[in-house]
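Chain and residue survey
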Amino acid sequence: DGGITQSPKYLFRKEGQNVTLSCEQNLNHDAMYWYRQDPGQGLRLIYYSQIVNDFQKGDIAEGYSVSREKKESFPLTVTSAQKNPTAFYLCASRPRDGFNSPLHFGNGTRLTVT
Amino acid sequence: AQSVTQPDIHITVSEGASLELRCNYSYGATPYLFWYVQSPGQGLQLLLKYFSGDTLVQGIKGFEAEFKRSQSSFNLRKPSVHWSDAAEYFCAVGDAGYSTLTFGKGTMLLVSP
């Protein structure tokens, strides 16, 4: 079955270390997204990419970086510059030209930085 | 820029009772509107969507929502709640080109026996 795979489900890091979250999709979707979720804050957009080798900053891009070298992969790096990295991170995708197509979400990665 | 307000942080409903979750959006043009549901520690699942046409849209699991342009609202309803509906619900609005979605802060639904 097609879907979005985020790995690992739980990730622990020490403060000051960079960490990369994986997101892979086999839905053949052009657009991919990273959202951050904190309790009571809803989902906030970090970065998104509508085609390979191109991406745009979302509302809270500071302290994060992404790459889009392959259509099916959109890894997110949480750098040491991110002041509050502990959160639940959700990856999503959709067809770029599919105006009737909603976002499909992965099951998330919970990152804890101590 | 678009925005979404979900006025209720928590709602408790008795099993079998009706449910209405409120959503108000701010957007200049005709919006793309969505309701998603999230179980603890999971991703989001689409319940229903509105792009155009009939303002009453039907979704999965017996949910429906009504788009009211005059009130800038897109409230979610269900006539009879089941214990399995306990989850967090998010309303979202898409921008002009539908390149991104803006989400509300969510409403946590608790179902009492």
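Residues numbered from 1 in each chain as written. Chains lettered and ligands numbered in written order. Predicted model: local features only at pLDDT ≥ 70, side-chain atom pairs only at ≥ 80, totals over all residues. Heavy atoms only, no water.

1. Some thoughts on the overall build of chain B
Convention followed: Here a helix means four or more residues in a row that DSSP labels H or I, a strand means two or more in a row labelled E, and each is numbered from the N terminus. Remark: exposure states derive from per-residue accessible area (1.4 Å probe, protein chains only) relative to the maximum for the residue type, with buried under 20%, exposed over 50%, and partly exposed in between. The contact criterion used throughout is that any non-hydrogen atoms of two residues lie within 4.5 Å.
Summing up its helical and strand segments, chain B has zero helices and 12 strands in all. Principal-axis analysis of the C-alpha atoms gives chain B an extent of 40 × 30 × 20 Å. Residues classed as buried in chain B amount to 49% of the 113 residues present. Put simply, of all contacts in chain B between residues at least 6 apart along the chain, 53% involve residues at least 24 apart.

2. Let's talk about the overall build of chain A
Which entries qualify depends on this criterion: Both definitions apply: the radius of gyration is a C-alpha atom measure, and the globule rule equals 2.2 Å times residues to the power 0.38. In these tables, accessible area is a Shrake-Rupley quantity obtained with a 1.4 Å probe, and a residue counts as shielded only by the protein chains included in the view. Only four residue types enter the tally: Lys and Arg on the positive side, Asp and Glu on the negative side, with His and both chain ends excluded. To locate a charge, take atom NZ for lysine, CZ for arginine, CG for aspartate or CD for glutamate.
Each helix and strand counted, chain A has zero helices and 11 strands in total. The helix and strand sequence of chain A, counted from the amino end, reads β-β-β-β-β-β-β-β-β-β-β. A compact globule built from 114 residues should have a C-alpha radius of gyration of about 13 Å, and chain A, at 13 Å, falls within 12% of that. Overall size of chain A, expressed as C-alpha extent along the three principal axes, is 40 × 25 × 25 Å. For chain A, long-range pairs separated by at least 24 residues make up 52% of all intrachain contacts whose partners lie at least 6 apart in sequence. Total accessible area computed for chain A in this model is approximately 5700 Å², and 44% of it derives from carbon and sulfur atoms. Across chain A, the 13 positively charged side chains and the 11 negatively charged ones have centroids separated by 5 Å.

3. Some points on the side chain of Gln38 of chain B
Formally: Pairs of N or O atoms within 3.5 Å make up the polar contacts considered here, provided that, within protein, one atom can donate a hydrogen while the other can accept it, and that residues adjacent in sequence are counted only when both atoms are side-chain atoms.
The topology assignment puts Gln38 of chain B in strand E5 (residues 32-38). Reaching out from Gln38 of chain B, the side chain makes a polar contact with the backbone oxygen of Gln42 of chain B at a distance of 2.7 Å. When residues no more than four places from it in sequence are discounted, the contact partners of Gln38 of chain B are Gln37, Phe88 and Leu90 of chain A together with Gly43, Leu44, Ala87, Glu88 and Phe90 of chain B.

4. A look at the packing of aromatic side chains
Let me state the cut-off plainly: Each aromatic pair joins two rings of Phe, Tyr and Trp (for Trp, the six-membered one) with centres within 6.5 Å, and gets the label stacked for planes under 30 degrees apart, edge-to-face for over 60, and tilted for any other angle. In this analysis the charged atom, NZ for Lys or CZ for Arg, is taken to sit over a ring once it is within 6 Å of the ring centre and within 35 degrees of the ring normal.
Counted under the stated rule, the structure contains 16 aromatic pairs over all chains. Ring centres 5.0 Å apart and planes at 70° place the aromatic pair Tyr32 of chain B and Phe51 of chain B in the edge-to-face group. With a gap of 19 residues between them, Tyr32 of chain B in strand E5 and Phe51 of chain B in the loop between strand E6 (44-50) and strand E7 (56-58) connect regions that are remote in the sequence. The pair Tyr32 of chain B / Phe51 of chain B is uniform in exposure class, with both members buried. We note Arg68 of chain A situated over the ring of Phe74 of chain A; from NZ or CZ to the ring centre the distance is 5.9 Å.

5. Quick word on the interface of chain B and chain A
Keep this limit in mind: Two parts placed together each lose some accessible area under a 1.4 Å probe, and the buried area is that loss summed for both. When a carboxyl oxygen of Asp or Glu is within 4 Å of a side-chain nitrogen of Lys or Arg, the pair counts as a salt bridge.
Contacts between the two partners involve 21 residues from chain B and, on the opposite side, 23 residues from chain A. Roughly 1700 Å² of surface becomes buried between chain B and chain A when both sides are summed, with 54% attributable to carbon and sulfur atoms. Summed over the shared surface of chain B and chain A, the number is zero salt bridges. At the boundary of chain B and chain A, one finds five residue pairs in polar contact (both at pLDDT 80 or more). Listed by contribution, the elements that provide at least two residues to the side of chain B that touches chain A are E5, E6, strand E10 (87-94) and strand E11 (101-103) of chain B. Ranked by the residues each element gives to the side of chain B that touches chain A, the list is headed by E5 of chain B, at four residues.

6. Examining the state of the cysteines
We count it as follows: Count a disulfide wherever a pair of cysteine sulfur atoms falls within 2.5 Å.
Taken as a whole and assessed by the stated rule, the structure comprises two disulfides over all chains. Here Cys23 of chain A pairs with Cys91 of chain A through a disulfide, and the sulfurs are 1.9 Å apart. Here the disulfide of Cys23 of chain A and Cys91 of chain A is left-handed, its torsion about the S-S bond being about -75°. Of the two residues, Cys23 of chain A is situated in strand E3 (residues 19-25) and Cys91 of chain A in strand E9 (residues 87-94); the sequence distance between them amounts to 68 residues. Taken as a pair, Cys23 of chain A and Cys91 of chain A share a single burial class, namely buried. Two residues, Cys23 of chain B and Cys91 of chain B, share a disulfide whose sulfurs are 2.0 Å apart. In this structure, the disulfide formed by Cys23 of chain B and Cys91 of chain B twists by about -65° around the S-S bond and is classed as left-handed. Linking Cys23 of chain B in the loop between strand E3 (19-21) and strand E4 (24-26) with Cys91 of chain B in strand E10, this pair joins segments that are 68 residues apart in sequence. The buried category is assigned to Cys23 of chain B, whose relative accessible area is 0%. Residue Cys91 of chain B is classed as buried on the basis of its relative accessible area, which comes to 0%.

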